[in-house]
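Reading the structure
The chain contents come next:
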Amino acid sequence: MTRIQSMFSDTIKNHSSAIYLLILTLIIGFITYNCFLIQTSIGPVWDTYDFMANAALMAGKSIGYFDLLRPPFLSFLTAIYFSVDGLALWPIAAIDCVIFVLGVIGLYLLFKLRFDDLTSFLGALIFATFPIVITYVGAGFTDNPSVCLSIWALLFTVLAVKKDSRLFYLSFPLAMISFLTRFSMALLIFPIFLYLLINWEKIKGLKYVRDILIGIVISFALLIPVFMFYANFGSPIYPFLDFFGSSSGASAAGGMHFAYNTDFFYFVKLLPSLIGPEGIGVLLVILLGVMVYIVRRFKKSEKTVEGKNKGSFKSLLENNGKIKLLLILIVSIILVFTIEKVHYLVTESLFFLWCYLLYDWIKILDYKNIDLDFLFLSYLVTFFLFHSIYIIKDYRYFVSMAPATVYFMMRGFDWTTSQFGFKIKNYNVTKAIFALVITLLVIFSALSSFSGIQEANKELKAMNEESVAISDWFIQYDPDYKNKVVYTDFWPYSGWYLQMNVSKMPIFRDGEILYCGAKNYNFTEQDIAAYNNELDSHNADYYFSMRKGLNFTNYHPIKKIGLLILYQRNQ
């Protein structure tokens with residue numbers, strides 16, 4: 001058995017680990033299957049139609065409409081099915097689900113490098129059933145797939161350092177694939193390179209450096225076919241430049257965008273709803289542990305407490321310790337004052353430096369697996385800083401912070417249960433009881449989520465059904481429609497069902513132009529005039545609308561289904 005073949009056998013060392021992994025896979029398989037059924041019954045959402053349209057283009061079955069500003073990997077996987085069979089809605093949902101199951105398994109294996117079987121099982125299960133995570137399983141968005149791929153990238157990075165450096169051949173390409181699934185995952189380089197830097201003494205040999213460089217070369221080689229594909233439509237790097245340009249601090253049309261939010265603590269305030277009852281349950285267990293620890297500490301004599309910690313913590317100020325502490329304080333102050341004041345990459349870089357300085361200062365305490373703590377700390381705060389500084393916020397962006405959030409919850413859970421001394425034959429019964437209670441919360445949360453997802457997406461389901469109905473009616477009404485100029489408010493839907501390159505109708509609000517939802521649709525006379533001018537100036541023949549309160553001079557409605565209205569130019 002080669003070293004690479006044995007990497008998982010080292011991680012799963014006994015039958016207990018395999019049993020936990022099997023149970024986890026069965027539970028997650030059940031949850032994922034139900035999510036797949038729910039999402040396919042609801043139908044795709046805006047972004048998903050774009051990914052499918054791009055997949056059709058990649059498969060050589062273009063529908064005429066596409067949006068190449070979207071990351072390509074999910075579309076690429078969907079295109080494989082499209083190239084074999086016809087265009088369909090379900091494949092992208094199935095691909096999303098498969099990647100999700102693999103991601104949860106990867107998180108269990110990653111946690112196993114730090115925790116025991118039970119804690120790793122519980123952590124992976126909690127991640128999979130976070131309300132914000134389970135809501136988008138099978139939805140065809142890039143949030144879950146990109147994070148699940150990043151988990152495997154981190155797992156192989158850790159194993160490459162600890163077991164076999166050839167695993168860098170997988171870790172860096174997986175990080176690149178994660179980036180090609182969602183462009184913001186480029187920030188994964190910060191936790192990865194921090195982990196390499198703090199383990200530099202282990203990997204500074206020629207063999208490690210060689211394998212790191214090979215892994216990086218392989219990852220960049222993956223960009224070659226991507227650039228070649230994009231080059232057929234203009235600049236091969238335009239989609240990447242568009243993302244990094246927009247993420248650097250766009251005005252979001254003067255704050256009219258529905259997701260415009262400058263609150264830096266947006267995700268902190270939403271945390272209880274994002275982590276759900278199971279997450280809150282873990283936090284309550286940790287709080288109980290803190291209370292027990294405080295009580296026990298007061299019961300001990302001051303002499304005992306000092307005698308336990310004096311030697312280790314005093315060493316932090318010896319030799320260059322005071323200078324290191326001063327540097328940490330200086331960087332901390334600069335870091336705090338740069339938040340939302342400079343480009344987010346400056347803040348991210350300062351946090352990277354802060355993490356390394358802190359590790360370099362406390363590494364003499366020789367805490368076990370402290371490198372993993374810093375890996376997940378960097379993973380969590382890197383994405384927290386980006387999404388908190390970025391002025392466009394959506395609660396689903398928390399998905400990128402979910403794995404690291406669960407890691408620290410499990411660190412607290414592990415520490416808390418160690419404070420209780422109720423054991424039978426060295427088995428921590430207290431941990432098992434708490435884990436059972438939290439597992440029941442997880443199951444309850446997951447089961448209740450199924451009906452909750454359907455209820456929350458009634459309007460989306462209606463939107464899909466109405467889009468199909470009004471498109472079918474239009475195809476029968478004007479068989480020559482593909483030779484006409486068709487404008488639409490919901491172009492990914494119309495483009496998919498009409499199988500043509502439709503024109504995008506912007507949202508005109510108070511002199512601003514948006515191509516995605518506005519905070520409100522209380523149109524002024526100026527806005528209505530702008531809609532009229534857009535249609536007239538481009539000689540539009542038809543206009544699919546979902547806006548209320550519009551009055552047109554040269555267009556009249558010919559069909560209304562639900563909230564959707566089809567206008568035709570006056571003859």
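Just so it is clear, the model here is predicted, and its values are computed rather than measured.

Turning our attention to the overall build of the protein. When helices and strands are tallied, the protein shows 26 helices and nine strands. The principal-axis extent of the C-alpha atoms belonging to the protein is close to 95 × 50 × 45 Å. Residues classed as buried in the protein amount to 54% of the 571 residues present. Within the protein, counting contacts between residues at least 6 apart in sequence, those at least 24 apart form 72% of the total. Within the protein, one finds 46 positive and 41 negative side-chain charges whose respective centroids are separated by 13 Å.

Two elements in contact, helix α2 (residues 15-42) and helix α23 (residues 429-456), have axes whose closest approach is 10 Å; the angle formed by their N-to-C orientations is 5 degrees. One element, α2, and the other, α23, form an angle in the roughly parallel class. When α2 is examined against α23, the residues F30, I31, N34, C35, I38, Q39, S41 and I42 are found in contact with a partner set consisting of A446, L447, F450, I453 and Q454. Its residues assigned to classes, the contact of α2 with α23 shows nine nonpolar, four polar and no charged.

Moving on to the packing of aromatic side chains. Any aromatic ring pair is given by two values, namely how distant the centres are and how the planes are angled relative to each other. Going through the model one piece at a time under the given rule, you end up with 46 aromatic pairs. Taking 5.7 Å as the distance between ring centres and 40 degrees as the angle between the ring planes, the aromatic pair formed by W152 and F156 counts as tilted. Here W152 pairs with F156, and both are found in helix α8 (residues 143-162), just four residues apart, close to one helical turn. Under the relative-accessibility criterion, F156 is labelled buried at 7%. In textbook terms, an aromatic cluster arises when at least three aromatic residues are bridged by ring pairs, as seen for W46, Y49, W473, F474, Y477, Y481, F490, W491, Y493, Y497, Y542 and F544. Over the face of the ring belonging to F51 we find R70, whose NZ or CZ atom lies 5.9 Å from the ring centre. The aromatic ring of Y208 is capped on one face by K207, whose charged end is 5.9 Å from the ring centroid.

A cluster of nonpolar residues, F30, L436, L440, I443 and L447, forms a patch on the protein surface that exposes about 490 Å² of accessible area. Here the nonpolar patch gets four residues from one element, more than from any other, and that element is α23. Within the secondary structure, F30 sits in helix α2. Assessed through its relative accessible area of 46%, F30 is described here as partly exposed.

Turning our eyes to something else, we now look at the pairing of strand β9 (residues 564-569). With five of six residues buried, β9 lies mostly within the body of the structure. Bridge analysis of strand β7 (residues 542-545) against β9 gives four bridges, and the strand direction is antiparallel. Bridging across to β9, F544 finds its partner in L566. When strand β8 (residues 555-561) meets β9, the two strands line up antiparallel, connected through six bridges. Directly across from P557, in β9, lies its bridge partner Y567. Here β8 folds back onto β9 in antiparallel fashion, the turn holding two residues, of which G562 has a positive phi close to 65 degrees.

Between its first and last C-alpha, helix α4 (residues 73-84) extends 17 Å over twelve residues, near the 16 Å set by a 1.5 Å rise per residue. Within the span of α4, buried status applies to F73, L74, S75, T78, A79 and F82.

Attention shifts here to the nonpolar core. Counting 172 residues, the largest nonpolar core has F127 and F130 as the members making the most contacts within it. Among the elements that make up this core, the one with the highest residue count is helix α5 (residues 90-112) (14 residues). Here F130 is in contact with L274, I275, E278, G279, F398, A402, V406 and M409, once residues within four sequence places are set aside. Among the nonpolar cores identified, the runner-up in size contains 16 residues, and Y487, F523, I528 and Y555 belong to it.

This paragraph deals with the pattern of salt bridges. Tallied over the entire structure, the rule returns 24 salt bridges. In this structure, K363 engages D360 in a salt bridge whose closest nitrogen and oxygen atoms are separated by 3.0 Å. The class of D360 is buried, set by a relative accessible area of 15%. In this structure, D414 engages K431 in a salt bridge whose closest nitrogen and oxygen atoms are separated by 2.6 Å. Note that D414 is positioned in helix α22 (residues 402-418) and K431 in helix α23, a separation of 17 residues in sequence. One network of salt bridges, with partners in common, ties together D47, D50, D67, R70, D143, R182, D394 and R396.

The next subject is the side chain of D67. Counting through the fold element by element, D67 comes out in the loop between α3 (46-58) and α4. Leave out the neighbours within four places in its chain, and D67 touches D50 and N54.

So, about the confidence of the model for the protein. One rule of thumb: low pLDDT means the predicted coordinates there are not for detailed reading. On average, residues of the protein score 88 in pLDDT, and 90% of them are at 70 or above. Contacts from residues 301-311, a stretch scored under 50 in pLDDT, to residues over four places away or in other chains number four contacts.

Now for the packing of helix α12 (residues 206-221) against helix α13 (residues 223-231). Direction vectors running N to C along α12 and α13 enclose 20 degrees, while the axes themselves pass 5 Å from each other. By the angle between their directions, the pair α12 and α13 is classed as roughly parallel. The residues of α13 that touch α12, namely those facing S219, F220 and A221, are L223, I224 and P225. Of the residues in the contact of α12 with α13, the class split is five nonpolar, one polar and no charged.

What follows deals with the sheet that holds β8. The strand order β4-β3-β7-β9-β8 describes an open sheet built from five strands, whose pairing is mixed. Only two strands of the sheet have a single neighbouring strand rather than two, namely β4 (503-504) and β8.

Quick look at helix α24 (residues 458-477) now. With 20 residues, α24 extends 28 Å from end C-alpha to end C-alpha; this agrees with the ideal 28 Å at 1.5 Å per step. For α24, the complete set of buried residues consists of L460, M463, N464, E466, S467, I470, S471 and F474.

To continue, consider unusual backbone geometry. Unusually for a residue other than glycine, N369 sits at a positive phi of about 60 degrees. Summarising the element assignment, N369 is placed in the loop between α20 (344-362) and α21 (370-389).

A few words now on the side chain of R396. The residue R396 is located in the loop between α21 and α22 in this model. Those residues in contact with R396 that lie beyond four places of it in its chain are D47, I132, Y136, F141, D143 and R182.

What follows deals with the environment of S315. Its place among the elements puts S315 in the loop between α18 (302-314) and α19 (321-338). Placed 151 residues apart in sequence, S315 and E466 show a C-alpha to C-alpha distance of 69 Å. Residue contacts for S315: discarding those within four places in its chain leaves I364 and L365.

Parameters at a glance
Counting restarts for each chain, with residues numbered from 1 along the sequence as it is written. The predicted origin of the model limits local features to residues at a pLDDT of at least 70 and limits the giving and counting of side-chain atom pairs to 80 or more, whereas totals for whole chains, interfaces and linings rest on all residues. Think of the side-chain values as coming from all heavy atoms in the structure, minus any hydrogens and water. Secondary structure counts use DSSP, requiring at least four H or I residues in a row for a helix and at least two E residues in a row for a strand, with both numbered from the N terminus. Buried, partly exposed and exposed residues are distinguished by accessible area as a fraction of the type maximum, computed with a 1.4 Å probe on protein chains only: under 20%, between the cut-offs, and over 50%, respectively. Whether two residues are in contact is decided by their heavy atoms, any of which lying within 4.5 Å being enough. Note on charges: Lys and Arg go in the positive column, Asp and Glu in the negative column, and His and the chain ends are not counted at all. For this purpose, a charge sits on NZ of Lys, CZ of Arg, CG of Asp or CD of Glu. For helices, the axis comes from a line fit to the C-alpha atoms of the stretch in contact; other axes are also lines fit to C-alpha atoms, and the angle between any two N-to-C directions lies between 0 and 180 degrees. Angular relationships are summarised with four words: roughly parallel below 35 degrees, roughly antiparallel beyond 145, roughly perpendicular across 65 to 115, and oblique for the angles in between. Throughout this entry, Asp, Glu, Lys and Arg are counted as charged residues, while Ala, Val, Leu, Ile, Met, Phe, Trp, Tyr, Cys and Pro are counted as nonpolar. The remaining residues, Gly among them, count as polar. Ring pairs are drawn from Phe, Tyr and Trp, using the six-membered ring of Trp, whenever the two centres fall within 6.5 Å, and their geometry is named by plane angle: stacked under 30 degrees, edge-to-face over 60, tilted for the rest. Any Lys NZ or Arg CZ that is within 6 Å of a ring centre and within 35 degrees of that ring's normal is treated as a charge sitting over the ring. What goes into a patch is any residue over 30% in relative accessible area without a salt bridge, connected to like charges within 9 Å or, for nonpolar side chains (Val, Leu, Ile, Met, Phe, Trp, Tyr), within 5 Å. The method behind every accessible area is Shrake-Rupley, applied with a 1.4 Å probe, and residues are considered shielded solely by the protein chains displayed. When a carboxyl oxygen of Asp or Glu lies within 4 Å of a side-chain nitrogen of Lys or Arg, that pair is called a salt bridge. Strand pairing follows a simple DSSP-based rule, namely that at least 2 bridges must link the two strands. Under the convention used throughout, the expected extent of a helix is 1.5 Å for every residue step, that is, one less than its residue count. By nonpolar core we mean a set of buried residues, namely Ala, Val, Leu, Ile, Met, Phe, Trp, Tyr and Cys, connected to one another through side-chain atoms within 4.5 Å. A residue's pLDDT is the confidence the predictor assigns to it, expressed on a 0 to 100 scale.

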